[in-house]
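Observations on chain architecture
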Amino acid sequence: MARSKTQYVCQSCGYTSAKPLGRCPNCQAWNSFEEQEEKPAAGGRSSLGGAYGGIKGGKVTALSSVGRREEPRTSSGIPELDRVLGGGLVAGGVTLIGGEPGIGKSTLLLQVADQVARRDGTVLYVAGEESLEQIRLRADRLGVTGEIQLTRDTRAEHVAALMEEHKPALCIVDSIQTVVAEGEGVSGGIAQVREGTAVLTRAAKETGTATVLVGHVTKEGTVAGPKVIEHIVDTTVFLESVGAFRLLRSVKNRFGQAGELGVFEMRGEGLVAVENPSAAFLAERPVGVPGSVVAATIDGQRPMLLEVQALAAKTPFPNPRRVVVGLDPRRVDVVLAVLERRLELTLGGLDIYVNLAGGLKVTDPGLDLAAALAVYSAVVGRSLAENVAVFGEVGLAGEVRSTTASPRRAEEARRAGYQRLIVPPGLEGAAGIHSVEEAVAAAWKK
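Please read all numbers here as calculations on a predicted model, not as lab measurements.

A count of helices and strands for the chain gives eleven helices and 22 strands. Along the longest, intermediate and shortest principal axes, the C-alpha atoms of the chain span 80 × 55 × 50 Å. Partitioning the intrachain contacts of the chain with sequence separation of at least 6 by distance along the chain shows that 65% fall at a separation of at least 24. For the chain, the accessible surface area stands at approximately 22,500 Å², while carbon and sulfur atoms represent 50% of it.

Structure representation (structure tokens):
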């Protein structure tokens, strides 16, 4: 009989080692290794044409014989959330939502539970971290009137049995780290989180219940626990804080397009969707100030207008400073080099500060032209007209290249009232520019 082997598993990321380590080489967590017994693999023989250990293969199905079925969806009652999910909650689909503590995950899900319950849908809320009284207090604050079924039982098999018994339209588990599965170690451990997710996913598929799992995040911003739970679930979304707003971003979606973005604002009545993010991010933009440029960008799949700011100041140091916030610093360095070389703009004795107002971090190459015009405006001390919006990628030769989703960017700019567009060539209804020199001439033409 083969002997069982002992291995050490990091409880933060699942990294395995033959011996205990003080610090995990994968996630850098300290004292996170726990001893586990590795079960020996079943013996058997293998050959190209024979069976493996006497086991026969399972049934196979031809793709052409598989029927086509569109999974039914249920609206969450919050249009901005439906956008991120690709049209609503999918029956039998499992969604994992992550985010920093206190960012509003439980608040958002309680609002969704209220909307579903008001439409006569049964909602099961598994409270693993809060008492039922705490949930009641939050529900009173949010004005929840729907009849939601609550339970404090976080045993995975018991939750699955409740789903089988009541067949709710929606099941919310807050959080997956509190769910325990039989015989899988301590609560919150790697094995527990993995097995608990697998049990609840099987129950969701069998009962047709739309299930939402709340996941803790690590200091790096990823979901705590093994990466395998993100592979098990159908949809993964993250809720993050940007200034006064909350952004809900889809990073995986088997039933829709990943990369969708929803914008919310935290108020006394809960998370409220921001219908016009462009207007919200530009609400405090100063008018007639050099160094301020409105840029049309794409974050995920959503077009938005943002303000790119630049400031130039004489430096007292031998090496001028280059400070970039919200944009890709390497791309901004390329833009500065192009301005110096192609436009002969002297930047050697100036500290340059470039900022994407609002707290967002966007790596869109289409913001290159906005950064170039903002820096040029700040250096020469001339402001752009109020109705100008720009986008475009800047190449090393000073050329302005086309970007992804140009028609959608232009449509968003025109909808917001920006009729003068400084954009790459090829866009219908706009006079395209081919170089940074042409962009500067178009920006300050009479």
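Before going further, it helps to spend a moment on the side chain of T403. Looking at where T403 falls in the secondary structure, it is placed in the loop between strand 21 (400-401) and helix 10 (406-415). Only 3.4 Å separates the side chain of T403 from the side chain of R409, close enough to count as a polar contact.

Attention now moves to the pairing of strand 7 (residues 123-127). Of all five residues making up strand 7, five are buried, and the element is well covered by its neighbours. Because side chains alternate across strand 7, one face comprises the buried residues V123, Y125 and A127, and the other comprises L124 and V126, equally buried. For strand 7 and strand 9 (residues 170-174), the ladder comprises five bridges, and the chain directions are parallel. By the bridge assignment, A127 is partnered in strand 9 with D174.

By the definition in use, this model includes three aromatic pairs. Between Y15 and F33 the ring centres are 6.4 Å apart and the planes differ by 85°, which places this aromatic pair in the edge-to-face class. Placement of the pair is Y15 in the loop between strand 1 (5-10) and strand 2 (16-17) and F33 in strand 3 (residues 33-38), with a sequence separation of 18 residues. Exposure remark for F33: the relative accessible area of 13% places this residue in the buried category. A centroid spacing of 5.1 Å and a plane angle of 55° characterise the contact between F245 and F281, whose relative ring orientation is tilted. Separated by 36 residues along the polypeptide, F245 in strand 12 (residues 245-253) and F281 in helix 7 (residues 277-281) bring together distant segments of the chain. Residue F281 is classed as buried on the basis of its relative accessible area of 8%.

In this section: the packing of helix 8 (residues 329-342) against helix 9 (residues 368-380). Running from amino to carboxyl end, helix 8 crosses helix 9 at an angle of 55°, the nearest separation of the two axes being 10 Å. Looking at the two axes, helix 8 sits oblique to helix 9. When you trace helix 8 past helix 9, the crossing you get is right-handed. In this structure, helix 8 uses R331, V335, L336 and L339 to contact helix 9, whose residues at the interface are D368, A371, A372, V375 and Y376. Along the lines of polarity and charge, the residues of the contact of helix 8 with helix 9 split into seven nonpolar, no polar and two charged.

The subject of this paragraph is the nonpolar core. Judged by nonpolar contacts, the single largest core of 50 residues is most densely connected at V308, L327, L360, L369, L373 and I422. Considering each element in turn, this core owes the most residues, nine residues, to helix 9. Aside from chain neighbours lying at most four places away, what touches L373 is V293, V390, I422, A439, V440 and W444.

Moving on: the sheet that holds strand 7. Ordered by their spatial adjacency, nine strands build an open sheet running 8-7-9-10-6-11-12-13-14, and the pairing between neighbours is mixed. Because the sheet does not close on itself, it has two edges, and the strands there are strand 8 (149-151) and strand 14 (270-273). Adjacent strand axes in the sheet meet at a mean angle of 25° when their direction is disregarded. The sheet contacts of helix 3 (residues 132-142) involve strand 7, strand 8 and strand 14, and relative to strand 7 the element is tilted by about 125°. In this fold helix 5 (residues 190-207) packs onto strand 6 (94-99), strand 9 and strand 10 (210-215), with an angle of close to 160° to the strand it touches most, strand 10.

Across the sheet, six strands lie side by side as 17-18-16-15-19-22; this open sheet has mixed pairing. Both edges of this open sheet fall to strand 17 (322-325) and strand 22 (420-422), since each of them pairs with a single strand only. Between one strand axis and the next, the sheet turns by 25° as a mean value, whatever way the strands run. With four bridges joining them, strand 17 and strand 18 (residues 350-356) adopt parallel strand pairing. Along strand 18, the bridge assignment pairs V325 with N355. Sheet contacts for helix 9: strand 15 (292-299), strand 16 (302-314), strand 18, strand 19 (388-390) and strand 22; angle to strand 16, the most-contacted strand, approximately 30°.

We now examine the confidence of the model for the chain. For the chain, per-residue confidence averages 88 on the pLDDT scale, and 91% of positions sit at 70 or higher. Residue range residues 42-48 is modelled with pLDDT below 50. Its contacts to residues more than four positions away, or to other chains, number seven contacts.

On to helix 10. Burial in helix 10 covers these residues: S406, R409, A410, E412 and A413. Around the axis of helix 10, the buried residues are gathered within 160° of arc, so they sit on the same side. Residues of helix 10 that are exposed and angled more than 90 degrees away from the buried face: P407, E411 and R415. On its buried side, helix 10 packs onto helix 7, strand 15, strand 16, strand 19 and strand 22. Note on helix 10: the residue one or two positions beyond its end, G417, has a positive phi of about 100°.

About the criteria used
Residues numbered from 1 in each chain as written. Predicted model: local features only at pLDDT ≥ 70, side-chain atom pairs only at ≥ 80, totals over all residues. Heavy atoms only, no water. Helix = DSSP H or I, 4+ residues; strand = E, 2+ residues; numbered from the N terminus. Contact = heavy atoms within 4.5 Å. Areas by Shrake-Rupley, 256 points an atom, 1.4 Å probe, with all protein chains shown as cover. Polar contact = N/O pair within 3.5 Å; in protein donor to acceptor, adjacent residues only side chain to side chain. Buried < 20%, exposed > 50% of the residue type's maximum accessible area, 1.4 Å probe, protein only. Pairing = 2+ DSSP bridges. Phe/Tyr/Trp six-rings, centres within 6.5 Å; stacked < 30°, edge-to-face > 60°. Axes fitted to C-alpha atoms, helices over the stretch in contact; angles between N-to-C directions. Parallel < 35°, antiparallel > 145°, perpendicular 65-115°, else oblique. Left-handed = near helix turned anticlockwise from the far one by under 90°. Nonpolar A, V, L, I, M, F, W, Y, C, P; charged D, E, K, R; others polar. Core = buried A, V, L, I, M, F, W, Y, C linked by side-chain atoms within 4.5 Å. pLDDT = per-residue confidence, 0-100. Arc of directions from axis to C-beta.

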